[in-house]
There are 2 protein chains.
Amino acid sequence: MTDLIQLGEQAKKGARGLALMPTKQKNDLLLQMAQMIKRNQLAILEANQKDLDQATENNISETMQDRLRLTPERIHTMAEEIIKVAQLDDPIGKVDHMWQNEDGLLIGKKRVPLGVIGMIYESRPNVTTDAASLAFKSGNAVILRGGKEAFHSNQLLVELLQETLTNAGVSPYAIQFVDDTSHETAAELMRLTDYLDVLIPRGGASLIKRVKEQATVPIIETGTGNNHIYIDKEAQLAMAVDIIVNAKTSRPSVCNAAETLLIHSEIAPFFLPSIEQALVEHGVSLHADARALDYLETATLADETDWDIEYLDYILAVKIVDSLDEAIDHINQHNTKHSEAIVTDSYSASQRFLNEVDAAAVYVNASTRFTDGSVFGFGAEIGISTQKLHARGPMGLNELTTTKYIIYGDGQIRE
Amino acid sequence: MTDLIQLGEQAKKGARGLALMPTKQKNDLLLQMAQMIKRNQLAILEANQKDLDQATENNISETMQDRLRLTPERIHTMAEEIIKVAQLDDPIGKVDHMWQNEDGLLIGKKRVPLGVIGMIYESRPNVTTDAASLAFKSGNAVILRGGKEAFHSNQLLVELLQETLTNAGVSPYAIQFVDDTSHETAAELMRLTDYLDVLIPRGGASLIKRVKEQATVPIIETGTGNNHIYIDKEAQLAMAVDIIVNAKTSRPSVCNAAETLLIHSEIAPFFLPSIEQALVEHGVSLHADARALDYLETATLADETDWDIEYLDYILAVKIVDSLDEAIDHINQHNTKHSEAIVTDSYSASQRFLNEVDAAAVYVNASTRFTDGSVFGFGAEIGISTQKLHARGPMGLNELTTTKYIIYGDGQIRE
């Protein structure tokens, strides 16, 4: 069994050096990491083939195998993503403003790394390089625990990143890998309170649930998105169709895809047939409530569980509501606080929706698919937070930092 | 046993109304709460007398009784603190800036309430009105669970605040009280994941520890301060004496008081006798390491546990170090990440200390006693966070909020 205490102690050492590393040195090392990945394409493909062979042996679905599969292009993209992180603004050391208080103390809030970040994640190997590069640029040591499916790929990727650091005479402990994919070791990592400043789980709903229940270290919950599109009675039909089709079908397996369509009863009779036609053309099955069923030809009757499922598939729940209030109530009761959208031409409906829906990202007249760090302009993201503390929505470099107050005095004592 | 589920459901309703309440109305209600407290001074004193009688019966120490005791002045101050909160800037609704992304989406990050805040706290009744007013102003419903010592005082105070809301035709569920001080109910509150957005424990180290171990709701750890003053070899003697005396003795029972003095070996022989004299005059006992003991007349030998104790008393641990590195290492190993100070005239030592010490507040040439929301200019605070996620250091109104992304589109779908 992996000695997590040892990894933790090494990570603390790595973190201390990294916290003080100049931006230029961090960027140079990131560029060297990207080169290292590119130069070792063949070895990475070989390691990945081991994972794919194992997946075939274990009868893993083709969809899952595709998530796992690396190609020369995908490896090139991984390296390019690291280069992008090198190009991002470094948040560390920033002091937005300082003020002098009435005692004459000069007080500032300085942005500093969190320290040691733990990541528990599933299948896709590119999460390894994404998380490592973001943690590194934000001055944090990282302990990576990937899924067993991508074990060989992940392990080699971390070795290459560590080799880059060692070659440059820098401690390799800034980026470490848990070479044990047992549930026991994962559980131990979740309780590594003396070493981890935060644990970020990234994966399916069951992983997130397990981490929430078992972790004693601070966590940032990411990902699950039971997202709604509400078509208001003042919506334009063409826009409504485009947005719902895009939100459901452009990439059904991701967390910012739509899972439920709510539609106002006044327009349902006219809108639902057009919406159904467009969705069916894209291979979507509809699970509709009894009222919506009247206007749909291909739908099956939804049951109460449909309102809470993140299908991540070509399935959409459909429900008729009689008012904006009913739509907002339904969303706030069933959503996972990720991304929600209204389609409307009513100013007041748009404002009420923005104000009253509780979610990380609330849209008017746009697809929920835009909730993404690169779309928002953060360059890259380590995940999308669905919790309210610390960070909410796409988490870029800034969300991997904390602050400390620095106070300059000249002998002040308190009355 | 209190029905916490019911309190939780009511709090959610209260939170929804409060989140949308205009600032002017919140401020008016806060001013009315302050009036209500002032008008009911006699009833509050009576309720407090019940708590004091019980404390006498239970042989509670005079120090603890003093923390518990309300006087006409203290009640007046409680009301004045509520008025101060009314005068603070309302963080809710602020959007620092909006940007248009390459898809033409207008994206902003809007400050919104957390939702429902739980508070578990000990003894001092003024925490009730402080926490209630800060939560209210920041648009959050609050569920207050005070200690059994102040039960009657706390209960009446919450009744008065609720009466103010009811009189104004507003839901009283914004401020609720758990009228059951059992550990079982506290433990249930710590696991009220469907209703609490955050739980803030405020009290002694054992309370914080219990909450950390038992809570499944997100928590913000507050308070414990094992704080150090490091006297560098380039320090001025008079400033060093003033700062250490102030940090230790101006209010030993609070979390920003100093608990350990670290002193450079080069100056220890000359500085320690003067420092000892000043501290002994203030009634402080010293627990010193073997080397420091040589220069001290009244000290006893410290053991390893002394470096980790938050005495909250007229006791100070003293240790000689041979370098700034040794001081920083000792602090980072033993501190609780609260407040740390260096006394020095060396520019490079001051910068290294600020950069390398890991704490919420790091001081050069000032007493640690300044770590406080009002000193920092936040008007009031609900506690001092010693964790790294979400908030660090004194938490004012802003730290009781989160954000949501609001996105204005005109039909955008994602490629």
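Going along each chain's sequence as written, the residues are numbered from 1 onward. Lettering for chains starts from A, numbering for ligands starts from 1, and both go in the order in which the items are written. Local features in this predicted model are restricted to residues of pLDDT 70 or higher, and side-chain atom pairs are both shown and tallied only at a pLDDT of 80 or more, whereas totals for entire chains, interfaces and linings draw on every residue. To obtain the side-chain values, all non-hydrogen atoms of the structure were included, while hydrogens and water were left out.

Two aromatic rings, taken as a pair, are described by how far apart their centres are and by the angle between their planes. Residue and element names in this part refer to chain A. By convention, a stacked pair of Phe, Tyr or Trp rings (six-membered ring in the case of Trp) has centres within 6.5 Å and planes under 30 degrees apart, an edge-to-face pair has planes over 60 apart, and any other such pair is tilted. Using the criterion set out here, one finds twelve aromatic pairs over all chains in the structure. Between the aromatic rings of Phe151 and Phe177, the centroid separation amounts to 5.8 Å while the plane-to-plane angle is 45 degrees, which identifies the pairing as tilted. Taken as a pair, Phe151 in helix H7 (residues 151–167) and Phe177 in strand E5 (residues 175–177) lie far apart in primary sequence, 26 residues in all. Each residue gets one of three labels from its accessible area relative to the maximum for its type: buried under 20%, exposed over 50%, partly exposed in between, using a 1.4 Å probe on protein chains only. The class for Phe151 is buried, based on a relative accessible area of 18%. In this description a helix means any DSSP run of H or I spanning at least four residues, a strand means any run of E spanning at least two, and both kinds are numbered starting from the N terminus.

Attention now moves to helix H14 (residues 347–356) of chain B. Buried residues of H14(B): Ala349(B), Ser350(B), Phe353(B), Leu354(B) and Glu356(B), and no others. Every residue pair with non-hydrogen atoms within 4.5 Å of one another is taken to be in contact. On its buried side, H14(B) packs onto helix H1 (4–19) and strand E16 (401–412) of chain A together with strand E7 (227–231), helix H13 (324–334), strand E12 (339–343) and strand E13 (361–366) of chain B.

What follows covers unusual backbone geometry. Leave glycine aside and you will find that most residues have negative phi; peptide bonds, for their part, are mostly trans. Residues and elements named next belong to chain A. Backbone geometry at Asn59 places phi at a positive 55 degrees, although glycine is not the residue there. Following the sequence through the fold, Asn59 ends up in the loop between helix H3 (41–57) and helix H4 (62–68). Residue class for Asn59 comes out exposed when judged on its relative accessible area of 69%. Located in the positive-phi region is Leu312, a residue other than glycine, with phi close to 55 degrees. Along the polypeptide, Leu312 turns up in the loop between strand E10 (300–301) and strand E11 (315–321). When its relative accessible area of 35% is taken as the criterion, Leu312 is described as partly exposed.

A separate point is the sheet that holds strand E1 (residues 95–100) of chain B. Reading across from one edge, E10(A)-E9(A)-E11(A)-E8(A)-E7(A)-E12(A)-E13(A)-E16(B)-E2(B)-E1(B) is the order of the ten strands in this open sheet, with mixed pairing throughout. One side of each edge strand has no neighbouring strand; the edge strands of this open sheet are E10 of chain A together with E1 of chain B. When DSSP finds at least two bridges between two strands, those strands are taken to pair. With four bridges joining them, strand E7 (residues 227–231) of chain A and strand E12 (residues 339–343) of chain A adopt parallel strand pairing. Within the sheet, the bridge partner assigned to His228(A) lies in E12(A) and is Glu340(A).

Should a side-chain nitrogen of Lys or Arg be within 4 Å of a carboxyl oxygen of Asp or Glu, the pair is scored as a salt bridge. In this structure the tally under the stated criterion is 48 salt bridges over all chains. Of the charged contacts in the structure, one is a salt bridge between Asp329(B) and Arg16(A), with a shortest N-O distance of 2.6 Å. With Asp329(B) in helix H13 and Arg16(A) in helix H1, this residue pair bridges two chains. Here Asp329(B) falls in the partly exposed class, since its relative accessible area comes to 37%. Residue Arg16(A) is classed as partly exposed on the basis of its relative accessible area, which comes to 33%.

Residue and element names in this part refer to chain A. Most of strand E4 (residues 141–145) sits inside the fold, with five of its five residues counted as buried. Side chains Ala141, Ile143 and Arg145 project from E4 onto one buried face, and the interleaved Val142 and Leu144 project onto a second face that is buried too. In this sheet, E4 lies alongside strand E3 (residues 116–121) in parallel orientation, the contact comprising five bridges. Note that in E4 the partner of Val116 across the bridge is Ala141. Of the crossover connections in this fold, the one passing from E3 over helix H6 (residues 126–137) to the parallel E4 is right-handed. Pairing analysis gives three bridges linking E4 to E5, with the strands arranged parallel. Note that in E5 the partner of Val142 across the bridge is Ile175. In this fold, the crossover linking E4 to E5 by way of H7 has right-handed handedness. Classification remark: right-handed applies to a crossover when, strands pointing away from the viewer, the course from the first strand over the helix to the second runs clockwise.

Another aspect to go through is the UniProt feature "domain: Aldehyde dehydrogenase" (unreviewed entry) in chain A. Residues and elements named next belong to chain A. UniProt positions are given in the numbering used here, feature names are shortened, and annotations may be inferred rather than shown by experiment. UniProt's feature table lists "domain: Aldehyde dehydrogenase" (unreviewed entry) at residues 9–279 and 315–404, given in the numbering used throughout. Summarising residues 9–279: 51% helix, 17% strand, and an end-to-end C-alpha distance of 53 Å. Span residues 315–404 is 28% helix and 29% strand, its end C-alpha atoms 47 Å apart.

This next bit is on the sheet that holds strand E11 (residues 315–321) of chain B. Judged by pairing direction, the sheet is mixed, and its ten strands sit side by side in the order E1(A)-E2(A)-E16(A)-E13(B)-E12(B)-E7(B)-E8(B)-E11(B)-E9(B)-E10(B) without closing on themselves. At either end of the open sheet lies a strand with only one pairing partner, and these are strand E1 (95–100) of chain A together with strand E10 (300–301) of chain B. As defined by bridge partners, strand E9 (residues 285–288) of chain B adjoins E11(B) across four bridges and the pair is classed as parallel. Following the sheet pairing, Ala288(B) is matched in E11(B) by Val318(B). To get an axis, fit a line to the C-alpha atoms, keeping to the stretch in contact for a helix; angles then go from 0 to 180 degrees between the N-to-C directions. In the packing of helix H11 (residues 268–281) of chain B onto the sheet, the strands contacted are E7, strand E8 (258–264), E9 and E11 of chain B, and the crossing angle to E8(B) comes to about 155 degrees.

Moving on, we come to the relation of the copies chain A and chain B. Superposing chain A onto chain B requires a rotation of 180 degrees together with a translation of 0.0 Å along the rotation axis, leaving an RMSD of 0.0 Å. Here the symmetry operator amounts to a two-fold rotation axis. Closest approach to the rotation axis within chain A is made by the C-alpha atom of His390(A), at a distance of 1.7 Å. By residue overlap, the copies meet face to face through one surface: 100% of the interface positions of chain A are interface positions in chain B. Least squares is the method used to superpose the copies, on C-alpha atoms of residues holding a pLDDT of at least 70 in both.

Right, let's talk about the packing of helix H2 (residues 23–39) of chain A against helix H5 (residues 72–87) of chain A for a bit. Residue and element names in this part refer to chain A. Put simply, H2 and H5 touch, their axes get as near as 8 Å, and they point 175 degrees apart. Between H2 and H5, the interaxial angle falls into the category roughly antiparallel. Residues Asn27, Leu30, Leu31, Met33, Ala34, Ile37 and Lys38 of H2 form the contact with H5, whose participating residues are Ile75, His76, Ala79, Glu80, Ile82, Ile83, Val85 and Ala86. Geometric relationships in this document are graded by angle, where less than 35 degrees denotes roughly parallel, more than 145 denotes roughly antiparallel, 65 to 115 denotes roughly perpendicular, and other angles denote oblique.

For the rest of this paragraph, the subject is the side chain of Asn27(A). When you line up the elements, Asn27(A) lands in helix H2. When residues no more than four places from it in sequence are discounted, the contact partners of Asn27(A) are Ala86(A) and Lys137(A).

This part is about the pairing of strand E2 (residues 106–113) of chain A. Consecutive residues of a regular strand have side chains that alternate between opposite faces of the sheet. Residue and element names in this part refer to chain A. Bridge count between E1 and E2: four bridges; the pairing is antiparallel. Considered in E2, the bridge of Met98 is made with Gly108. The antiparallel pairing of E1 with E2 creates a hairpin that spans five residues between the two strands, and Gly104 there sits at a positive phi of about 85 degrees. Bridging between E2 and E16 involves eight bridges; their strand directions are antiparallel. In the strand pairing of E16, Arg111 is matched with Thr403.

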